[in-house]
Amino acid sequence: MSDWGPVFVAVVLFVLLSPGLLFQVPGKGRFVEFGSFNTSGVSILVHALIYFALVAIFVLAVGVHVYLG
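Please read all numbers here as calculations on a predicted model, not as lab measurements.

### A word on the UniProt feature "transmembrane region" (unreviewed entry) in the protein
Stage number 1. The positions UniProt marks with the feature "transmembrane region" (unreviewed entry) are residues 48-68.
Stage number 2. As annotated, residues 48-68 comprises 71% helix and 10% strand, and the C-alpha atoms at either end are separated by 29 Å.

### Observations concerning helix H2 (residues 41-62)
Note that an α-helix has 3.6 residues per turn; residues three or four places apart therefore point the same way.
Stage number 1. Between its terminal C-alpha atoms H2 stretches 30 Å, which fits the 32 Å expected from 22 residues at 1.5 Å a residue.
Stage number 2. Just downstream of H2 lies Gly 63, where phi reads positive at about 75 degrees.

### Notes on unusual backbone geometry
Stage number 1. A cis amide bond links Val 25 to the next residue, Pro 26, at an omega of -15 degrees.
Stage number 2. Mapped onto the elements of the fold, Pro 26 is located in the loop between strand E2 (23-24) and strand E3 (33-34).
Stage number 3. Positioned with a positive phi, Phe 37 is a non-glycine residue whose angle comes to about 55 degrees.
Stage number 4. Its location among the elements puts Phe 37 in the loop between E3 and H2.

### A word on the packing of aromatic side chains
Stage number 1. Within the structure shown, the criterion is met by one aromatic pair.
Stage number 2. With 6.4 Å between their ring centres and 80 degrees between their planes, Phe 14 and Tyr 51 make a pair best called edge-to-face. A residue pair is termed long-range when its members are at least 10 positions apart, and Phe 14 in helix H1 (residues 5-16) and Tyr 51 in helix H2 qualify at 37 residues.
Stage number 3. The exposure class of Phe 14 is exposed, given its relative accessible area of 55%.
Stage number 4. Classification of Tyr 51 by relative accessible area gives partly exposed; the value is 25%.

Rules used throughout
Residues numbered from 1 in each chain as written. Predicted model: local features only at pLDDT ≥ 70, side-chain atom pairs only at ≥ 80, totals over all residues. Heavy atoms only, no water. UniProt positions renumbered as here; feature names shortened; annotations may be inferred. Helix = DSSP H or I, 4+ residues; strand = E, 2+ residues; numbered from the N terminus. Expected span 1.5 Å × (residues − 1). Phe/Tyr/Trp six-rings, centres within 6.5 Å; stacked < 30°, edge-to-face > 60°. Buried < 20%, exposed > 50% of the residue type's maximum accessible area, 1.4 Å probe, protein only.

Written out as structure tokens, the structure reads:
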């Protein structure tokens, strides 16, 4: 049986933390913008750091496991 937990966590967080899709930190006019569909280099860096932190927390600290098959 394969452990699909890390894959599931990574894919869900990647979709949710795509800059400009749901929110963007920092925004162009405000600190946080919602649903702007715009992005910048700084927001890509901030979202990448948030993504790395959340993946590390969910996969290493919490230990999310999903077994299929």
